[in-house]
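# Fold and contact review
Chain residues, written in single-letter form:
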Amino acid sequence: MNSHRGEQPVLITSAAPSYQDQLTARRRRYALIMSMRIPCIVLAVLFAQVWWLALGLILLSVPLPWMAVLIANDRPPRKAEKPQKMTPSRRALTTAAENRSSR
């Protein structure tokens, strides 16, 4: 059995996530932010008798489309992590000449 199963996997590349994965995440973020606008407007209509609360909800819903576009168009930052290199657990093989010189 492998005794290293609980450890982090070895990272073999420092490549960013694919463009499709980034686009999917950005679309999801946009939809989530824009979906918060509808409840704000509905709650403002329901609380029309409390004018300050209705006004606050309307004012909250106004910048949401602008924020959603800015956040969705922002690409994720590049990761500054370095690839984790695998360290050999056994002694490296040596040539016969090295073996003779070390004796």
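Predicted, not measured: the structure shown is a model, and the values here were computed from it. (Residues numbered from 1 in each chain as written. Predicted model: local features only at pLDDT ≥ 70, side-chain atom pairs only at ≥ 80, totals over all residues. Heavy atoms only, no water.)

## Description of helix α4 (residues 64–73)
What α4 keeps buried is the set Leu-64, Ala-68 and Ala-72. Considered in projection along α4, the buried side chains sweep an arc of 60° and stay on one side of the axis. In α4, the exposed residues that point more than 90 degrees away from the buried face are Trp-66 and Asn-73. In this structure, the buried residues of α4 make contact with α1 (19–35), α2 (37–46) and α3 (51–61). (Buried < 20%, exposed > 50% of the residue type's maximum accessible area, 1.4 Å probe, protein only. Helix = DSSP H or I, 4+ residues; strand = E, 2+ residues; numbered from the N terminus. Arc of directions from axis to C-beta. Contact = heavy atoms within 4.5 Å.)

## Here we look at the environment of Leu-55
In this structure, Leu-55 sits in helix α3. When its relative accessible area of 43% is taken as the criterion, Leu-55 is described as partly exposed. Spatially, the C-alpha atoms of Leu-55 and Ala-44 are 7.1 Å apart, while their sequence positions differ by eleven residues.

## What to know about the packing of α1 against α2
Where α1 meets α2, the axes come as close as 4 Å, and the angle between the chain directions of the two elements is 0°. The pairing of α1 with α2 is recorded here as roughly parallel in orientation. Judged by residue contacts, Ile-33, Met-34 and Ser-35 of α1 engage Arg-37, Ile-38 and Pro-39 from α2. In terms of residue class, the contact of α1 with α2 is made up of four nonpolar, one polar and one charged. (Axes fitted to C-alpha atoms, helices over the stretch in contact; angles between N-to-C directions. Parallel < 35°, antiparallel > 145°, perpendicular 65-115°, else oblique. Nonpolar A, V, L, I, M, F, W, Y, C, P; charged D, E, K, R; others polar.)

## Some words on the confidence of the model for the protein chain
Parts of the model with low pLDDT should not have their predicted coordinates read in detail. With 58% of its residues at a pLDDT of 70 or more, the protein chain has an overall mean of 78. The lowest-confidence element of the protein chain is helix α5 (residues 96–102), averaging 63 in pLDDT; the highest-confidence one is α3, averaging 93. (pLDDT = per-residue confidence, 0-100.)

## Here's the deal with the packing of α2 against α3
Following both chains from N to C, one finds α2 and α3 inclined at 160°, their axes separated by 8 Å at the closest point. For the element pair α2 / α3, the angle class is roughly antiparallel. In the crossing of α2 with α3, the sense of the turn from one axis to the other is left-handed. When α2 is examined against α3, the residues Arg-37, Cys-40, Ile-41, Leu-43 and Ala-44 are found in contact with a partner set consisting of Ala-54, Leu-57, Ile-58, Leu-60 and Ser-61. Residues that form the contact of α2 with α3 fall into these classes: eight nonpolar, one polar and one charged. (Left-handed = near helix turned anticlockwise from the far one by under 90°.)

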